[in-house]
Structures are given as structure tokens and as C-alpha cells.
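Understanding the architecture of this molecule
Spelled out from the first residue to the last, the chains are:
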Amino acid sequence: MKMIRCEKLTKSYQGFPALKGISFSIDGPGCYGFIGSNGSGKTTAIRIMAGLAKATSGRIQIEGYDVERDQKNIAKLIGYLPQNPAYYDYMTGEEWMMLSGKLFGLSKTEIKLRTERLLKRCGIWEARKRKIGGYSGGMKQRLGLAQALINEPKLLLLDEPVSALDPMGRHQVLELIEELKRDHMIFMSSHILDDVEKTADHILILHKGQLLLSSAKQDLLKEYAGSAIKFQLLAPNQTIVEAVTSQTWAERIEASNTSYRVVVNDLEKAKAQLPLIIQEEAGVITDYRIEALSLQDIFFKVVNA
Ligand code: ADP
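As annotated in an unreviewed UniProt entry, the protein carries the name ABC transporter ATP-binding protein and comes from Pradoshia eiseniae. Within the UniProt record for the protein, the comment given under Sequence similarities (unreviewed entry) is "Belongs to the ABC transporter superfamily."

So, in C-alpha cells, the structure goes:
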């Protein structure tokens, strides 16, 4: 039996098809990165999985339980962190955990035990007696993760858990997710592909309400093995961008001030011709390197295929 089995799931909002029949089956530990641009339907799908929204058609089963019909069993199996968790700012972290535990019908003693373990694990035990209103964004997300774990779920559904955080907060929360994925299956949506590339073991790509791909990250990186050439010039040079764009070996060029990155489909040709183009257009190279494709590159390839 698969942990998550999603069958032909659709959702329409007043006739607008936000999900157009997505199907996938995934199982096992690790982190599943659910990626897609804003508006692709990630939140809608996660809310349906969490039992907070109704599908228009199709169904989701978690460990064999139907999300719509078996809410009681589902509630024991999943922990959910919404995109923008709302807190009572006047409460302390500890009080918040108490409230959350009560909602699951846990005894006071049990909640206390779990609160200590979870707040320590999530790195906010020291702040447990401080009001949530004074927490940083990263601390609030870590409290949200502790809260999502209060019922000891097998599956954690995280909707854009790091997108609103500053670099330090993002780093801390991603490290925590990295640790949590050893004991829980994590299904995490994000539109920040760098974060997913680091943390996820399996990638699902959602685009305009359709699931384009579901694959182990290693397989995906192997399948789309390719290269990009990164170079830096002394001064910005638009004519080089134009010249490179017209080459058959160049799939895409990203330019930012004096930094350039070309995704290539024929590395040998690109290696032979790119330096010549730069020279012809009077560019002065200050740095030049070849690197593997990133998840972002693969995402663009899949979405534009
Ligand atoms: P994502 O999480 O990938 O950004 P969403 O699931 O939030 O995508 O949204 C998918 C699409 O559905 C978007 O076009 C969005 O505008 C639309 N949508 C989401 N929620 C509602 C709603 N409650 N009413 C109408 N349209 C909605």
C-alpha cells in the first residue's frame, strides 16, 4: 500500500480548473518536493490532501484511507503546516503547543512530554516561555513544524515552508526538514527550486494544474544530464547575449549584469564556439566554468517541452 495515492484529482473554482486530473503514487521515507510556479495548483492539492478542501472529482488515499471519507484516521496520519500559519501572538510557544495537543485530545501529561521533545528538536525550547509575537519568521516556522508533529504523524504536508523566510531562517528550517525526513515522509511544496534541490529526494512537477513529472531526484538528474557554461565579463555585453541566443547548441541564456550562464545541448560545440563569439564581440572574460544542470534548468526543460 502506498503512503499517498492520488487519482485523477481535479479542482475547479467557479469553473476555473486549478487541478486538471493529477495522478501519482508515492511511498517511503524522505522528502518529496512538489514544485511549480505560483498559481500552478500546489496549495490547492495540499489542502485537499490535508482534508481542508474538497476535490471536484478524483480522490486521494493516504495509507489506504480515503481523505474525504476517513477523516478520523487521516488526522492521525498527517501533520500539516500551511503556507501562512496564523498564531495568537499573545501566546507563548509552550501555550501554543498545549492548545494544539488539546485539539488532538491528548492528555496534559502527554502534551507536556511531546512539547519538550518537539520544541527541543525544532530548536525553540529556549524560547518556549516567550510570546510568539516576538518570534522571528524562522522561529514561527519551526514552531509550526513542532505543532504539525504533535500527533506524531507519519506524513508531514508542508506548504512553502521556507519561501517567506530570510536566508538564515531558510537555512535553519531546511536543516530541520533534512533531519525530520529521517523519521517522517515529507511532502513539501515550493517554488524556490534551489531549496528543493538541496532537500528533496523525489521531485514532482506541477504546471498549470497538471502533473508533468514524478521521479526520484537522482534519476531525474541522470536523465537530464547536461551542462551549463557560466562566465563573467569585465563589462556587460548585450551583443554576446544575442549572438549566443541564435546558436543551435544554446538552449537558454541567463544574463545578469556581467554574469552569464548558458544552458547547452552540445557541450563540445559550445566549448569550441562560445569563446570565439565572446572574442569577436570584444568581451573580456574574467571567469569561465562548466557546471552540471540544476533542478531549475530541468524544470524549465520539462515545462517548456
Ligand atoms: P500555488 O499554490 O501553486 O501557487 P494555488 O493552488 O494557490 O497555486 O492556486 C491555483 C490556481 O487556483 C490559481 O490560479 C489561483 O488563483 C486559483 N485559486 C486558488 N484558490 C482559489 C479560490 N479560493 N478561489 C478562486 N480561485 C482560486
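We are not done yet, so read on.
Let us now look at the site of the ligand. Taken together, the neighbourhood of the ligand is formed by Tyr13, Gln14, Phe16, Ala18, Ser37, Asn38, Gly39, Ser40, Gly41, Lys42, Thr43 and Thr44. In the model, an oxygen atom of the ligand is placed 2.7 Å from a nitrogen or oxygen of the Gly39 main chain. The side chain of Lys42 places a nitrogen or oxygen atom 2.8 Å from an oxygen atom of the ligand. If one sorts the elements of the shell around the ligand by residue count, helix 1 (residues 42-49) sits on top with three residues.

Looking now at the sheet that holds strand 11 (residues 227-233). Taken in spatial order, the four strands make up an open sheet running 12-13-11-14, and their pairing is antiparallel. Whereas interior strands pair on both sides, the edge strands pair on one side only; in this sheet they are strand 12 (250-256) and strand 14 (285-292). Direction aside, the axes of adjacent strands within the sheet are offset by 15° on average. Relative to strand 14, strand 11 runs antiparallel, the two being bridged by seven bridges. Directly across from Leu233, in strand 14, lies its bridge partner Ile285. The strands touched by helix 9 (residues 238-245) are strand 11, strand 12 and strand 13 (259-264); relative to strand 12, the strand with the most contacts, the crossing angle is about 165°. Of the strands in this sheet, strand 11, strand 13 and strand 14 are in contact with helix 10 (residues 267-280), which crosses strand 11 at around 15°.

We now examine the nonpolar core. Counting 48 residues, the largest nonpolar core has Ile35, Leu143, Leu145, Leu158, Ile186, Ile203 and Ile205 as the members making the most contacts within it. Viewed by domain, this core spans two of them, domain 1 (4-215) and domain 2 (225-304), each represented by three or more residues. With residues up to four places along the chain from it excluded, the contact list for Ile203 reads Gly33, Ile35, Val196, Leu213, Ser214, Ser215, Lys217, Leu220 and Leu295. Leu77, Leu155, Phe187 and Leu204 belong to the second-largest nonpolar core, a separate cluster that totals 29 residues.

Moving on to the packing of helix 5 (residues 137-148) against helix 6 (residues 167-180). One can describe the packing of helix 5 onto helix 6 by two numbers: an axis separation of 9 Å at closest approach and a directional angle of 20°. For the element pair helix 5 / helix 6, the angle class is roughly parallel. For the crossing formed where helix 5 meets helix 6, the hand is right-handed. Where helix 5 approaches helix 6, its residues Gly138, Gln141, Arg142 and Leu145 are matched on the opposing element by Gly169, Gln172, Val173, Leu176, Ile177 and Leu180. When grouped by side-chain class, the residues that make up the contact of helix 5 with helix 6 number five nonpolar, four polar and one charged.

What follows deals with the packing of aromatic side chains. The way to describe two aromatic rings as a pair is by their centre distance and the angle between their planes. Throughout the structure, instances matching the rule amount to seven aromatic pairs. Pairing Phe231 with Tyr260 gives two aromatic rings, centres 5.1 Å apart and planes at 15°, and the pair type is stacked. Placement of Phe231 in strand 11 and of Tyr260 in strand 13 is noted, with a sequence separation of 29 residues between them. Overall, the relative accessible area of 2% leaves Phe231 in the buried class. By way of ring pairs, the aromatic residues Tyr87, Tyr88, Tyr90 and Trp96 are connected into one cluster. A cation sits over an aromatic face here: Arg128 above Trp125, 3.8 Å from the ring centre.

An order of 2-1-4-5 is seen for the four strands of this open sheet, with the pairing classed as antiparallel. Two strands in the sheet have a free side with no partner beyond their single neighbour: strand 2 (16-26) and strand 5 (65-66). Relative to strand 5, strand 4 (residues 57-62) runs antiparallel, the two sharing two bridges. When the bridges of strand 5 are listed, Ile62 appears paired with Tyr65. Sitting on the sheet, helix 1 touches strand 1 (4-13), strand 2 and strand 4, and the angle it makes with strand 2 is about 60°.

Calculation rules
Within each chain, residues carry numbers counting from 1 in the order of the written sequence. At least 70 in pLDDT is required for a residue's local features to be given in this predicted model, at least 80 for side-chain atom pairs to be given and counted, and no such filter applies to totals for whole chains, interfaces and linings, which use all residues. Water and hydrogen atoms play no part in the side-chain values, which are based on all heavy atoms of the structure. UniProt positions are given in the numbering used here, feature names are shortened, and annotations may be inferred rather than shown by experiment. Only a single heavy atom is needed: when it lies within 4 Å of a molecule or strand, its residue is near that molecule or strand. Between N or O atoms, a polar contact is any pair within 3.5 Å; within protein, one atom must be a potential hydrogen donor and the other a potential acceptor, and residues adjacent in sequence are included only when both atoms are from side chains. Starting at the N terminus, helices and strands are each numbered in turn, a helix being any DSSP run of H or I of at least four residues and a strand any DSSP run of E of at least two. Pairing between two strands requires that DSSP report at least two bridges joining them. To obtain an axis, a line is fitted to C-alpha atoms, over the contacting stretch when the element is a helix, and the angle between two such axes runs from 0 to 180 degrees between their N-to-C directions. By the convention used here, residues are in contact when the closest approach between their heavy atoms is within 4.5 Å. To define a nonpolar core, start from buried Ala, Val, Leu, Ile, Met, Phe, Trp, Tyr and Cys residues and group those joined through side-chain atoms within 4.5 Å. For the exposure calls, accessible area comes from a 1.4 Å probe over protein chains only, and a residue counts as buried if that area is under 20% of its type's maximum, exposed if over 50%, partly exposed in between. Boundaries of every domain are those given by an automatic assignment or by a domain database. Orientation categories follow fixed angle ranges, with anything under 35 degrees roughly parallel, anything over 145 roughly antiparallel, 65 to 115 roughly perpendicular, and all other angles oblique. Handedness of a crossing is defined here by the sense of rotation of the near helix relative to the far one, left-handed for an anticlockwise turn of less than a right angle and right-handed for a clockwise turn. Under the scheme applied here, ten amino acids are nonpolar (Ala, Val, Leu, Ile, Met, Phe, Trp, Tyr, Cys and Pro), four are charged (Asp, Glu, Lys and Arg), and all others, including Gly, are polar. Note on aromatic contacts: the rings of Phe and Tyr and the six-membered ring of Trp form a pair at centre separations within 6.5 Å, being stacked when their planes are under 30 degrees apart, edge-to-face when over 60 apart, and tilted otherwise. Consider the ring centre and the ring normal. A charge sits over the ring if Lys NZ or Arg CZ is within 6 Å of that centre and within 35 degrees of that normal.

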